[in-house]
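# A look at the structure
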Amino acid sequence: MASISTTPAAQPRLKIWQRLSFEETVFGWLFILPAVLGLILFQLGPVLVSMGLSFTEYDIINRPTWNGLENYTRLFQDDLWIKSIQVTLKYVVIYVPAALIFAYLVALLMSGRIRGISAWRTMWYLPSIVPSVAAAAVWRWGLHPEFGPINFPLKVLGLPAPRWLADPDWIVPSIVFISLWSLGNSVLIFLASITGVPRSFYEAAEVDGAGIWRQFTTITLPLTSSIIFFQLIITVINSFQVFTSAFILFGSNAAGSVAGPGNAALFYMLYMYRNAFGYFRNGYASAMAWLLFLTVAILTFILFKTQNRWVYYEAGDDNE
Amino acid sequence: MNVIRYAILVGGGILMLTPFFWLVSSSFKTPATIYVFPPQWIPDPFRWQNYVEVFDAVPVLRASWNTVYITLFASIGVILSSAMAAYGFARLRFRGRDLTFSLLLSTVMLPYVVTMIPIFIMFSRLGWVDSFKPLIVPHWFGGPITIFMLRQFFRTIPLELEAAARIDGASRPRIFAQVIIPLARPALVVTSILALVFNWNGFLEPLIYLRKTKLYTLALLVNSLREFESGLDWTHYMMVVSTIMVVPVLILYFLAQRAFIEGIVLTGLKG
């Protein structure tokens with residue numbers, strides 16, 4: 001694949017007569033010390049603090065006061081919270097399959113014997129380097145019902161042209177659309193994994209008379225399934241946390257503001273951000289954060305459970 | 001078959017690039033010619049003055065400097081601290097190493113949402129809100145993906161080189177600085193590019209921590225130019241600042257295309 005190989009050289013194996021040296025232990029811990037501190041200070045610590053905060057009321061200025069499960073019970077009566085879950089779930093359900101299938105198909109198109117690969121790669125990848133703030137600004141035009149380039153051909157062909165960002169039912173699909181635009185990373189990752197499948201496999205299959213479709217389902221798909229799986233996990237985790245595009249298009253710091261017509265763009269993160277940094281309800285926002293975290297963790301766990309059924313790992317592959 | 005394939009690639013590619021061109025072209029328009037149909041690809045009037053006037057309207061220079069400053073120090077921090085950790089994980093043997101490493105790697109799957117508020121509280125207690133520290137300091141404590149990528153690379157460096165230096169009496173820090181780091185240049189370039197782009201484009205964290213206009217990054221400036229923030233139609237200036245933000249990344253991409261792509265691909269290989 002790339003010039004950076006990820007195959008490990010012979011690892012220093014512990015032999016029986018070799019004991020862990022004191023010098024190596026000291027330096028080992030010294031070298032990883034910053035990372036270990038970071039792990040505690042910015043990952044594990046905050047996760048626990050966040051859980052604790054979710055049982056309190058805390059505006060940062062005054063001391064946190066314990067209020068038990070009140071934040072959680074209030075959440076379940078909060079219409080906006082329920083709305084934000086609906087919006088986010090709608091997004092996840094549309095985006096995750098769309099993103100994976102779209103990126104994989106584009107990668108398939110680019111793989112194999114093809115001329116001008118670096119030009120194609122660049123064309124499809126460039127949108128991904130556009131900062132998400134700018135991307136959202138650009139798509140406000142792109143999805144404009146009258147002036148946008150998306151609706152124009154639809155109207156010419158006499159097809160129904162949605163009002164995109166102006167129509168509550170189409171806001172989530174619009175945000176999906178914007179996210180799909182910057183899908184270049186997944187395309188590159190899939191492309192590398194598809195190109196990494198040894199040619200000899202296909203040659204052998206051709207000798208056996210397998211057609212293109214059979215080659216795809218019995219060689220390409222299984223051999224890239226571990227990458228698909230990893231991308232699936234990452235996409236799921238990220239799609240629950242959509243923020244920037246929704247914030248740029250519909251967000252506002254003003255109290256009581258609405259996120260798009262009928263709050264149709266009230267993504268979970270947007271509502272949480274508003275609670276924490278707009279209303280200073282840090283306990284409430286932490287309860288939101290924890291519920292999201294639990295949801296994502298359970299989903300990830302379920303996905304990991306299913307992987308034996310469809311993810312193929314080569315024998316002897318060192319899975320770290 | 002192949003014709004269809006090229007057709008989709010060309011057609012789709014052009015579609016992907018259209019908004020990109022519109023962004024740049026709109027930065028030379030007046031507000032009145034931005035939302036028109038058909039779109040003006042070559043603006044008329046062609047207002048190159050936008051790029052001068054924007055400096056009077058909003059503190060572009062200041063925001064550029066702020067963005068450069070944060071990006072640079074955050075990226076240096078993450079590369080240095082991650083390289084150190086990666087060396088420890090790749091080359092030194094000690095109890096608890098593999099457990100710590102898998103714990104560290106599993107945080108890739110930890111949503112930022114759940115750590116965001118406690119970290120904010122910690123930094124606001126330290127009086128760091130409205131300073132660049134919250135955007136720089138955490139990066140000096142390593143990044144799991146960077147550590148993973150560098151560790152993979154360090155493991156491919158022949159052990160003999162290190163052994164030879166040991167025999168010459170070099171200490172571990174010396175081996176790290178004078179043997180490992182110089183040999184790991186390609187991997188360092190790749191991870192540096194990822195870090196630079198990540199920090200350059202960051203939005204949520206600057207939004208949370210930087211409230212004073214003079215501390216704004218370019219991303220925050222774009223945000224502040226939205227009409228419902230400024231009350232004026234500054235869409236053309238928004239496009240100017242967005243273009244200013246995109247161009248350095250674009251240059252980086254064309255200068256180091258190989259390393260750029262390699263980096264992205266490596267982040268996708270196993271977790």
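Here's what I pulled together on the structure shown here. (Residues numbered from 1 in each chain as written. Chains lettered and ligands numbered in written order. Predicted model: local features only at pLDDT ≥ 70, side-chain atom pairs only at ≥ 80, totals over all residues.)

## Details of the overall build of chain B
Put simply, the rule is: By definition, any uninterrupted DSSP run of H or I lasting at least four residues is a helix, any uninterrupted run of E lasting at least two residues is a strand, and each is numbered from the N terminus. Buried means a residue has 20 or more other C-beta atoms within 10 Å of its own C-beta, exposed means 12 or fewer, and partly exposed covers the counts in between; C-beta atoms are placed from the backbone. Contacts here follow a simple rule: the backbone-placed C-beta atoms of the two residues must lie within 7 Å.
Helices and strands together make up the secondary structure of chain B, namely 16 helices and 0 strands. In chain B, buried positions account for 48% of the 271 residues. If you take every contact in chain B between residues at least 6 apart in sequence, the share linking residues at least 24 apart comes to 73%.

## Some details on the packing of helix 5 (residues 132-142) of chain A against helix 1 (residues 2-26) of chain B
Note the cut-off: Each axis is a line fitted through C-alpha atoms, and for a helix only the stretch in contact is used; angles between axes span 0 to 180 degrees, taken between their N-to-C directions. These descriptions rest on fixed angle ranges, namely under 35 degrees for roughly parallel, over 145 for roughly antiparallel, 65 to 115 for roughly perpendicular, and the rest for oblique. Classes in brief: Ala, Val, Leu, Ile, Met, Phe, Trp, Tyr, Cys and Pro nonpolar; Asp, Glu, Lys and Arg charged; the others, Gly included, polar.
Between helix 5 of chain A and helix 1 of chain B, the least distance of the axes is 10 Å, while the angle of their chain directions is 100°. In this view, helix 5 of chain A runs roughly perpendicular relative to helix 1 of chain B, as classed from their interaxial angle. Counted together, A:Ala134, A:Val138, A:Trp139, A:Trp141 and A:Gly142 of helix 5 of chain A and B:Pro19, B:Trp22 and B:Leu23 of helix 1 of chain B form the full contact between these two elements. The residue makeup of the contact of helix 5 of chain A with helix 1 of chain B, split by class, is 7 nonpolar, 1 polar and no charged.

## Some details on the nonpolar core
Rules: The term nonpolar core refers to a set of buried Ala, Val, Leu, Ile, Met, Phe, Trp, Tyr and Cys residues connected through C-beta atoms within 7 Å. Domain boundaries shown here were taken from an automatic or database domain assignment.
Formed by 164 residues in total, the largest nonpolar core has its most connected members in A:Ala246, A:Phe267, B:Val222 and B:Val241. The element that contributes the greatest number of residues to this core is helix 4 (residues 60-91) of chain B, accounting for 12 residues. Among the domains, domain 1 (1-48) and domain 2 (50-267) of chain B are the pair contributing at least three residues each to this core. The residues contacting B:Val241, other than those within four sequence positions of it, are B:Val54, B:Val60, B:Leu218, B:Leu221, B:Val222 and B:Leu225.

## Description of the interface of chain A and chain B
The interface is formed by 87 residues belonging to chain A together with 83 residues belonging to chain B. For the side of chain A that touches chain B, the element with the most residues is helix 1 (residues 22-53) of chain A, which contributes 21 residues.

## As for helix 8 (residues 144-154) of chain B
In terms of residue burial, helix 8 of chain B counts as a mostly covered element, since 11 of its 11 residues are buried. Residues B:Pro144, B:Ile145, B:Thr146, B:Ile147, B:Phe148, B:Met149, B:Leu150, B:Arg151, B:Gln152, B:Phe153 and B:Phe154 constitute the buried set of helix 8 of chain B. If you follow the buried residues of helix 8 of chain B, they end up packed against helix 1 of chain A together with helix 4, helix 5 (97-106), helix 10 (172-183), helix 11 (185-201) and helix 16 (257-267) of chain B.

## What about the packing of helix 8 of chain B against helix 11 of chain B?
All names here are of chain B. Two elements in contact, helix 8 and helix 11, have axes whose closest approach is 10 Å; the angle formed by their N-to-C orientations is 170°. The orientation of helix 8 relative to helix 11 falls into the category roughly antiparallel. Of the residues in helix 11, those in contact with Thr146, Met149, Leu150 and Phe153 of helix 8 are Ala187, Thr191 and Ala195.

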